[in-house]
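Commentary on secondary and tertiary structure
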Amino acid sequence: GGDNNLIGSNSIAAVVGGGFRNTVGTNAFAAALGGGARNLIETDARNATIAGGGTNVVRAPFGSIGGGRANATASADSTVAGGAGNTILDLSPGAAIGGGGQNAIASSSSYTTVAGGIRNVAGEGFAATIGGGATHRIVTSGEGGSTIAGGANNTVLGAGSSDTYRLAPGER
């Protein structure tokens with residue numbers, strides 16, 4: 001179904017269910033794009049999924065986007081459930097953004113989660129969590145486990161193992 005959808009060469013077992021101008025790139029084995037408009041599963045993003053929405057992009061194997069618009073993931077095994085303008089950068093396997101808008105997970109942020117909210121950024125680190133709220137930043141390098149539960153304008157800074165398991169609850 002749909003109109004002007006494309007599945008690239010060597011994308012064996014890939015499917016586009018419908019929608020308008022959706023694309024599954026070359027060598028995207030077993031990729032699934034349900035529908036929506038102008039969504040893209042890039043070349044070599046095997047087993048990737050976009051359920052629907054518009055202008056969403058999956059750039060890595062096993063990445064997924066549930067819906068919304070202008071969401072992107074460039075890390076394997078990562079998920080953006082929905083919302084608008086949410087981004088997971090490369091080298092962040094297992095990262096997830098639940099929804100909201102303009103949230104980001106930086107490169108090298110394995111198993112990091114931003115549940116929702118707006119303009120939250122989880123920087124380099126491991127297993128950091130932002131529960132929700134607005135304009136939070138977790139900026140760590142090396143180990144992680146830092147958490148901002150909610151509120152607004154909270155920041156967790158650190159370097160190396162000294163920042164492991166920090167907590168910033170509520171509003172700053």
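The following refers to the structure shown.

**Description of the sheet that holds strand S5 (residues 40-41)**
Strand order in the open sheet made by the 10 strands is S1-S3-S5-S7-S9-S11-S13-S15-S17-S19, with parallel pairing throughout. Each edge of the sheet is formed by a strand with only one pairing partner; in this case those strands are strand S1 (6-7) and strand S19 (155-157). The pairing of strand S7 (residues 57-58) with strand S9 (residues 72-73) spans two bridges and is classified as parallel. In the sheet register, Val 58 faces S9, and the bridge partner there is Thr 73.

**As for the environment of Ile 88**
Summarising the element assignment, Ile 88 is placed in strand S11 (residues 87-88). Under the relative-accessibility criterion, Ile 88 is labelled buried at 1%. Ile 88 sits 24 residues away from Thr 112 along the chain, and the two C-alpha atoms are 9.7 Å apart. Not counting chain neighbours up to four residues away, the residues in contact with Ile 88 comprise Ala 72, Thr 73, Ala 74, Ser 75, Ser 78, Thr 79, Val 80, Ala 95, Ala 96, Ile 97 and Ile 105.

**Looking at the pattern of salt bridges**
One pass over the full model with this rule turns up one salt bridge. In this structure, the salt-bridge partner of Arg 59 is Glu 42, at a minimum N-O distance of 3.3 Å. Taken together, the residues Arg 59 in the loop between S7 and strand S8 (64-65) and Glu 42 in the loop between S5 and strand S6 (49-50) connect sequence positions 17 residues apart. For Arg 59, a relative accessible area of 41% translates into the label partly exposed. By relative accessible area, Glu 42 is classed as partly exposed at 26%.

**Focus on the environment of Asn 22**
Locating Asn 22 in the fold gives a position in the loop between strand S2 (15-16) and strand S3 (23-24). Considering only alpha carbons, one finds Asn 22 and Asn 56, 34 residues apart in sequence, at a separation of 9.6 Å. Excluding its chain neighbours within four sequence positions, the residues that come into contact with Asn 22 are Asn 4, Asn 5, Leu 6, Val 16, Leu 33, Gly 35, Gly 36, Ala 37, Arg 38 and Asn 39. Side-chain polar atoms of Asn 22 contact the backbone nitrogen of Asn 39, separated by 2.9 Å.

**Focus: the nonpolar core**
With 24 residues, the main nonpolar core has Val 24, Ile 41 and Ile 105 as its most contacted residues. Apart from the residues lying within four places of it in its own chain, the contact partners of Ile 41 are Thr 23, Val 24, Gly 25, Ala 28, Ala 31, Ala 32, Leu 33, Ala 48, Thr 49, Ile 50 and Val 58.

Calculation notes
- Residues numbered from 1 in each chain as written.
- Predicted model: local features only at pLDDT ≥ 70, side-chain atom pairs only at ≥ 80, totals over all residues.
- Heavy atoms only, no water.
- Pairing = 2+ DSSP bridges.
- Helix = DSSP H or I, 4+ residues; strand = E, 2+ residues; numbered from the N terminus.
- Buried < 20%, exposed > 50% of the residue type's maximum accessible area, 1.4 Å probe, protein only.
- Contact = heavy atoms within 4.5 Å.
- Salt bridge = Lys/Arg side-chain N within 4 Å of Asp/Glu carboxyl O.
- Polar contact = N/O pair within 3.5 Å; in protein donor to acceptor, adjacent residues only side chain to side chain.
- Core = buried A, V, L, I, M, F, W, Y, C linked by side-chain atoms within 4.5 Å.

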